[in-house]
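What follows is the residue order along each chain.
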Amino acid sequence: MMASTSNTNEEIQALRMRLREAEDTLEAIRMGSVDALVVKGVQKPQVFTLKSADYTYRMLIESMNQGALAVDNSGVILFSNKQFSEMIGMPLEQIIGSKIQSFADPADRPSMKRLMKKNQKNNVNAELRLKTAYKTSIGVLLSATMLPLDEALAYQCIVVTDMTERNQAEEAKDEFISVASHQLRTPATAVKQYINMVLDGYFGKLNKAQTKALEKANFSNERELNVIDDLLRVAQIDAGKNISIKKITDLGQMIESIVNELSVRARQRKQTITYKLPKDNIEAGTHSDLFRMAVENILDNASKYTPEGKLIKVSLQSKDDYAIIIIEDEGVGMSEEDISKLYQKFSRLPNSLSVEAGGTGLGLYWVKKVVDLHQGDIEVVSKVGKGTRFKLVLPLKDSL
Amino acid sequence: MKKILVVEDEQLLREIYELALTSAGYKVSLASDGYEAISSMEKSMPDLILLDLLMPKLDGVGFLRESDIKKKWPQIKIILFSNISSSKNLEEAMTLGATKHIVKSNLTPNQLLAEVKSILE
């Protein structure tokens, strides 16, 4: 008798709880807090949307140029606007209830997985390719925002931007840079080759005046080639193109090789370049060709803006999680005002050696961009007439 | 006499490399794109190829791929000629069997000859 009463009480308790849940749900619907109900089915969840809920927002989302999706915490699409359906060429019925992961191009599944990671607090963006009904794929940018609802209902809003046009424009820009590079450099290269063959006596002996005139032509042509190189390098880094894959670089080895290469030119200027490396190897993940060129550029500048007979020192050390490269010269130096313009495009600083150095004012702008690309830092201390000290800081760990 | 194939679409450059290499005692054949280079190799196998990267019809990377040179003729040395804008092509070309990369405008003909000599020796 006692057992039966207790069972009835438990049943009443359970029914009360279910009634409270149903009342809460109805209240939430009435208040406009619910715009869809997900009912777990045998094969896949079914989604019931409420027409009256958030009508204005729905209209807004339907009139967007981008695709908009709401997905649950396992990636099941609960809502999709028309644009997404048109973007991938599939009817809404086929999209809703499917997992968003199933639309990712196989190669981009890892990116999609990262995007769908649970409990992400911030917005997450990923550029990847989605398969379409036309057996092709399109490049898209997915921006996901986690909605702070309770655990069971947690879902993400995903805005999908079609990047096809932007990608085509970037490809066209890249093509332009490549063609411009070829078209500008080829004639100047031919001039260089012919002048040097004449200078090297392939077409007979030259008198002093002829040699001098050709050397001047050669010097001018070299300047033109440098300008073209600098312009193209800047165009490439501005466009974010042709950036090589990061590789582990032994920084000491790199410095040794750069110093050896530049020492020949330094000797012509009667300068000495010394370097000091630590006993242990210091390695960092770098876009090796770009980073090497950036260090080369600073060291070459140090040599160009240092008078004959002076010393240039390069050193490498590590501190905490950073590699530090210091390039110090006894050159003409810079004023505070000059330093503030140092990384601007086309900024050339007037000093006693600037005409001879013949720069384009693009080198350090480019160097700064390369350092930024490595999440590094560049500092400069200088005194007019005393010299300049560049400090390059590069993260060691997790820099790949 | 060592044989060198110059693959370069720019006539002025082809002529100057031919002149410099012939004066240094090499036997030189010329091609203005990747397809011409393949036909040239069918007639006479070179010891070294000076290969431009950016060319019409079949570019440098296309030539390396089409000819399957790395597998078929691994003994042939290949110097790649490029400019700074083609670093992606360059990485691919290096994996397809190129020996060395040179930025065309960095070297004078005599400096190029020194490079060729050191590779062929």
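Here, every reference points to the structure presented above.
Read on for a plain summary of the structure. None of these values were measured; they are calculated from a predicted model.

Let us now look at helix 12 (residues 363-373) of chain A. All names here are of chain A. Listed as buried for helix 12 are Gly363, Leu364, Tyr365, Trp366, Val367, Val370 and Val371. On its buried side, helix 12 packs onto helix 7 (208-239), helix 9 (288-304), strand 13 (377-383) and strand 14 (387-395). Gln375, located one to two residues past helix 12, shows a positive phi value of around 55 degrees.

Take the pairing of strand 5 (residues 124-131) of chain A next. Residues and elements named next belong to chain A. In strand 5, alternate side chains face the same way, and those of Val124, Ala126, Leu128 and Leu130 are buried while those of Asn125, Glu127, Arg129 and Lys131 on the opposite face are not. Examined bridge by bridge, strand 5 and strand 6 (residues 137-147) share eight bridges and lie antiparallel to one another. Considered in strand 6, the bridge of Val124 is made with Ala144. What sits between strand 5 and strand 6 in their antiparallel hairpin is a turn of five residues, with Lys135 showing a positive phi close to 60 degrees.

Residue and element names in this part refer to chain A. For the pair helix 8 (residues 251-268) and helix 9, the least separation of the axes is 10 Å and the interaxial angle reads 40 degrees. Here helix 8 is positioned oblique relative to helix 9, judged by the angle of their axes. Classified by chirality, the crossing of helix 9 by helix 8 is right-handed. Residues Leu251, Met254, Ser257, Ile258, Val259, Glu261, Leu262, Arg265 and Ala266 of helix 8 lie in contact with helix 9, whose contacting residues are Phe291, Arg292, Val295, Glu296, Leu299, Asp300 and Ser303. Of the residues that constitute the contact of helix 8 with helix 9, the class distribution is nine nonpolar, two polar and five charged.

Right, let's get into the interface of chain B and chain A. Interfaces are often sized by the accessible area lost when the parts come together. Contacts between the two partners involve 27 residues from chain B and, on the opposite side, 24 residues from chain A. Together, the buried faces of chain B and chain A total about 2300 Å²; carbon and sulfur atoms form 57% of this surface. At the surface where chain B touches chain A, the tally comes to zero salt bridges. Inspection of the chain B/chain A interface yields nine residue pairs in polar contact (both at pLDDT 80 or more). A per-class count over the side of chain B that touches chain A returns twelve nonpolar, eight polar and seven charged.

This brings us to the pattern of salt bridges. Enumeration according to the criterion identifies 15 salt bridges over all chains in this entry. The partner of Arg292(A) in a salt bridge is Glu261(A), and the shortest N-O contact between them spans 3.2 Å. Note that Arg292(A) is positioned in helix 9 and Glu261(A) in helix 8, a separation of 31 residues in sequence. Classification of Glu261(A) as partly exposed rests on a relative accessible area of 45%. Here Asp33(B) ties to Lys57(B) by a salt bridge, and the two come within 3.9 Å at their closest N and O atoms. Note that Asp33(B) is positioned in the loop between strand 2 (27-31) and helix 2 (34-43) and Lys57(B) in the loop between strand 3 (48-52) and helix 3 (60-67), a separation of 24 residues in sequence. Since its relative accessible area comes to 70%, Lys57(B) is described here as exposed. A network of salt bridges, in which partner residues are shared, links Glu261(A), Arg292(A) and Glu296(A).

Let's shift gears to the packing of helix 9 of chain A against helix 12 of chain A. Residue and element names in this part refer to chain A. Where helix 9 meets helix 12, the closest approach of the two axes is 9 Å, and the angle between their N-to-C directions is 140 degrees. When the axis of helix 9 is compared with that of helix 12, the two are oblique. In the crossing of helix 9 with helix 12, the sense of the turn from one axis to the other is left-handed. Contact residues: Leu290, Phe291, Met293, Ala294, Asn297, Ile298 and Asn301 in helix 9; Gly363, Leu364, Trp366, Val367, Val370 and Leu373 in helix 12. Considered class by class, the residues forming the contact of helix 9 with helix 12 number ten nonpolar, three polar and no charged.

In globular proteins that are soluble, nonpolar side chains generally tend to be buried together. All names here are of chain A. Leu251, Leu299 and Ile325 are the most contacted members of the largest nonpolar core, which has 41 residues in total. Looking at this core, the elements that each hand over two or more residues are helix 7, helix 8, helix 9, strand 11 (311-319), strand 12 (322-329), helix 12, strand 13 and strand 14. When neighbours within four sequence positions are excluded, Leu251 is seen to be in contact with Ile282, Ala284, Thr286, Phe291, Leu316, Ala323 and Leu394. Residues Leu69, Ile77, Leu128 and Leu130 belong to the second largest nonpolar core, which totals 24 residues.

Each value, and the rule that gives it
- Residues numbered from 1 in each chain as written.
- Chains lettered and ligands numbered in written order.
- Predicted model: local features only at pLDDT ≥ 70, side-chain atom pairs only at ≥ 80, totals over all residues.
- Heavy atoms only, no water.
- Buried < 20%, exposed > 50% of the residue type's maximum accessible area, 1.4 Å probe, protein only.
- Helix = DSSP H or I, 4+ residues; strand = E, 2+ residues; numbered from the N terminus.
- Contact = heavy atoms within 4.5 Å.
- Pairing = 2+ DSSP bridges.
- Axes fitted to C-alpha atoms, helices over the stretch in contact; angles between N-to-C directions.
- Parallel < 35°, antiparallel > 145°, perpendicular 65-115°, else oblique.
- Left-handed = near helix turned anticlockwise from the far one by under 90°.
- Nonpolar A, V, L, I, M, F, W, Y, C, P; charged D, E, K, R; others polar.
- Buried area = accessible area lost by both parts, 1.4 Å probe.
- Salt bridge = Lys/Arg side-chain N within 4 Å of Asp/Glu carboxyl O.
- Polar contact = N/O pair within 3.5 Å; in protein donor to acceptor, adjacent residues only side chain to side chain.
- Core = buried A, V, L, I, M, F, W, Y, C linked by side-chain atoms within 4.5 Å.

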